[in-house]
Amino acid sequence: MEIPVLDEGDIRTMLTLRGSEREELFIQARAARADVYGDRVVVRAVVEVTNLCRVDCDFCPMRRSNTRVNDVFHQTPAEMVETAIGVHALGVDVICLQGGEVPQTTRSVGAALPTIAELYGGRVELLLNLGNKTRAEYAWLREQGATSYIIKHETSDAALYLRTRHEALDRRLECIADLLNLGYRVGSGMIIGLPGQSLDSIARDIVLCRDMGVHMMSAAPFVPAPDTPLADAPAGDVELTLNVIAAMRLAQPAWTIPSVSAMRANVEGGQRRGFDAGANLIVFNATPADFRDRYLIYGKDRKVSSYEYVMDVVTQAGLTPGGSVFLTEPGRP
Ligand code: SF4
């Protein structure tokens, strides 16, 4: 299927479609996904390694300002490996080790990676989501066996980024460039519905990430979480997020795009609809319960997706659960 190169204006128009025009958009997005991936959906396990974070994002209960009231944990390498053994037993070959942004994770996660890789005989996508680090740290983690990295730019609006994350967008973009340069398969993404965000800015998010050459993209509706400065802000629009998923699929058909659990937090059944809009990945939570209950990404009441739940969502969408799309590339990992 021939898809023209979309510019910001095309994408912005796609974000506004509703009714039958939107159904047509979703049909095109599903066709673009089928062209690249058939009916296969990547099933990924996430392991939450620490809830400690040095950043102070206005939307996150694990923000630095909450450290003293949060029950802090940092998994040991042995604990991470123990969880990976369970993921391996399920036949899942994508493991995401995710945590707040602290320098200590370089050592702890880096120490666990070779053992996990060995467990799989090297046939595993070891994906990290540990925030900004130095290029030397990324290089070392790659040597330890990391294959891919999620580092969401969250918003391409530099002023909004600074206002909500209290950090510079440019530094984040430098990290993305370093990771790409080091041979990682890189995922970016944005939050939909941050207070003050415009449709133009969302269209720019997509073009920015296509121009940078990332391999994975995500869009998550904003979830107002308790104990944060944005606790009383309105939730992000799941309907708009679905349009964003479809626009991303058409802007770069080869992107791996999740239907995220935040779709479920805001609207029951929202996560299945992400597949109708062109998503091709779903994540289940493999974190042991004791740690998981302290990982307050959307507050204490977040809905946790089990392996059984995500398999059910994929089947209901008429798709087939599958493994990493990167391991089949020549010369990987
Ligand atoms: S969103 Fe990530 S970087 Fe920001 S405070 Fe939460 S854990 Fe830290």
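Conventions adopted
- Residues numbered from 1 in each chain as written.
- Predicted model: local features only at pLDDT ≥ 70, side-chain atom pairs only at ≥ 80, totals over all residues.
- Heavy atoms only, no water.
- Helix = DSSP H or I, 4+ residues; strand = E, 2+ residues; numbered from the N terminus.
- Rg over C-alpha atoms; globule rule 2.2 N^0.38 Å.
- Contact = heavy atoms within 4.5 Å.
- Areas by Shrake-Rupley, 256 points an atom, 1.4 Å probe, with all protein chains shown as cover.
- Lys, Arg positive; Asp, Glu negative; His and termini not counted.
- Charge placed at Lys NZ, Arg CZ, Asp CG, Glu CD.
- Salt bridge = Lys/Arg side-chain N within 4 Å of Asp/Glu carboxyl O.
- Buried < 20%, exposed > 50% of the residue type's maximum accessible area, 1.4 Å probe, protein only.
- Core = buried A, V, L, I, M, F, W, Y, C linked by side-chain atoms within 4.5 Å.
- Pairing = 2+ DSSP bridges.
- Right-handed = clockwise from strand over helix to strand, strands pointing away.
- Axes fitted to C-alpha atoms, helices over the stretch in contact; angles between N-to-C directions.
- Parallel < 35°, antiparallel > 145°, perpendicular 65-115°, else oblique.
- Left-handed = near helix turned anticlockwise from the far one by under 90°.
- Nonpolar A, V, L, I, M, F, W, Y, C, P; charged D, E, K, R; others polar.
- Phe/Tyr/Trp six-rings, centres within 6.5 Å; stacked < 30°, edge-to-face > 60°.

Engineer: Quick question: what am I supposed to make of the overall build of the protein here?
Structural biologist: Along the protein, the regular secondary structure elements total 13 helices and eight strands. For the protein, whose C-alpha radius of gyration is 18 Å, the value lies close to the compact-globule estimate of 20 Å for 333 residues. Judged by the C-alpha coordinates and their principal axes, the protein covers about 50 × 45 × 35 Å. Once local pairs closer than 6 in sequence are excluded, the contacts in the protein between residues at least 24 apart make up 77%. Counting only carbon and sulfur atoms, one obtains 52% of the accessible surface of the protein, whose full area is about 13200 Å². In the protein, which carries 34 positive and 42 negative side-chain charges, the distance between the mean positions of the two groups comes to 2 Å.

Engineer: Sorry, what's going on with the pattern of salt bridges here?
Structural biologist: Should their charged atoms come close, side chains of opposite charge can pair. For the coordinates displayed, the defined rule picks out 15 salt bridges. For Glu167, the salt bridge identified is with Arg54, shortest N-O distance 3.1 Å. With a gap of 113 residues between them, Glu167 in the loop between helix 6 (158-165) and helix 7 (169-181) and Arg54 in the loop between strand 1 (40-50) and helix 3 (77-89) connect regions that are remote in the sequence. A relative accessible area of 17% means that Glu167 is categorised as buried. Of the charged contacts in the structure, one is a salt bridge between Arg272 and Asp276, with a shortest N-O distance of 3.1 Å. Of this pair, Arg272 and Asp276 both sit in helix 11 (residues 270-276), separated by four residues, roughly a single helical turn. A residue is classified by how much of its surface remains accessible, and Arg272, at 29% relative accessible area, is partly exposed.

Engineer: Would you take a moment to explain the nonpolar core for this structure?
Structural biologist: Side chains of a nonpolar character, in soluble globular proteins, are inclined to be buried together. Core analysis: the largest hydrophobic core is formed by 82 residues, its most contacted members being Val244 and Met248. Counting 16 residues, the second-largest nonpolar core is a separate cluster that includes Cys53, Phe59, Phe291 and Leu296.

Engineer: How should the pairing of strand 1 be read in this particular structure?
Structural biologist: A large share of strand 1 lies buried, amounting to 10 of its 11 residues. Bridging between strand 1 and strand 8 (residues 320-322) involves three bridges; their strand directions are parallel. Considered in strand 8, the bridge of Val42 is made with Gly322. Examined bridge by bridge, strand 1 and strand 7 (residues 281-285) share five bridges and lie parallel to one another. The residue of strand 7 that forms the bridge with Val46 is Asn285. Where strand 1 and strand 2 (residues 94-99) come together, five bridges link them in parallel fashion. Its bridge partner lying in strand 2, Val47 is registered against Leu97. Taking the sense of rotation as the criterion, the β-α-β connection linking strand 1, helix 3 and strand 2 turns out right-handed.

Engineer: How should I be thinking about the packing of helix 8 (residues 199-212) against helix 9 (residues 238-251) in this particular structure?
Structural biologist: In helix packing, the relevant descriptors are the interaxial angle and the interaxial distance, both defined with respect to the helix axes. For the pair helix 8 and helix 9, interaxial distance at closest approach is 11 Å and the crossing angle is 30°. Relative to helix 9, helix 8 is oriented roughly parallel. The element helix 8 and its partner helix 9 pack so that their crossing is right-handed. For the pair helix 8 and helix 9, contact is made by Leu199, Ile202, Ile206 and Arg210 and by Leu240, Val244, Ala247, Met248 and Ala251, respectively. Classifying every residue of the contact of helix 8 with helix 9 gives eight nonpolar, no polar and one charged.

Engineer: Would you mind going over the environment of Tyr138 with me for this structure?
Structural biologist: Mapped onto the secondary structure, Tyr138 falls in helix 5 (residues 135-144). Classification of Tyr138 as buried rests on a relative accessible area of 0%. Measuring from C-alpha to C-alpha, the distance between Tyr138 and Gly100 comes to 16 Å, with 38 residues separating the pair along the chain. Once residues lying within four places of it in the same chain are set aside, the contact partners of Tyr138 are Gly131, Asn132, Lys133, Tyr149, Ile151, Cys175, Asp178, Leu179, Leu182 and Tyr184.

Engineer: Even after reading the chapter, I still don't get the packing of aromatic side chains, so can you show me in this structure?
Structural biologist: The relation between two aromatic rings is expressed through the spacing of the ring centres and the mutual angle of the planes. In this structure the tally under the stated criterion is five aromatic pairs. With 6.5 Å between their ring centres and 70° between their planes, Tyr138 and Tyr184 make a pair best called edge-to-face. Of the two residues, Tyr138 sits in helix 5 while Tyr184 sits in the loop between helix 7 and strand 5 (185-192), which places them 46 residues apart along the sequence. Summarising the burial analysis for this pair, Tyr138 and Tyr184 share the class buried.

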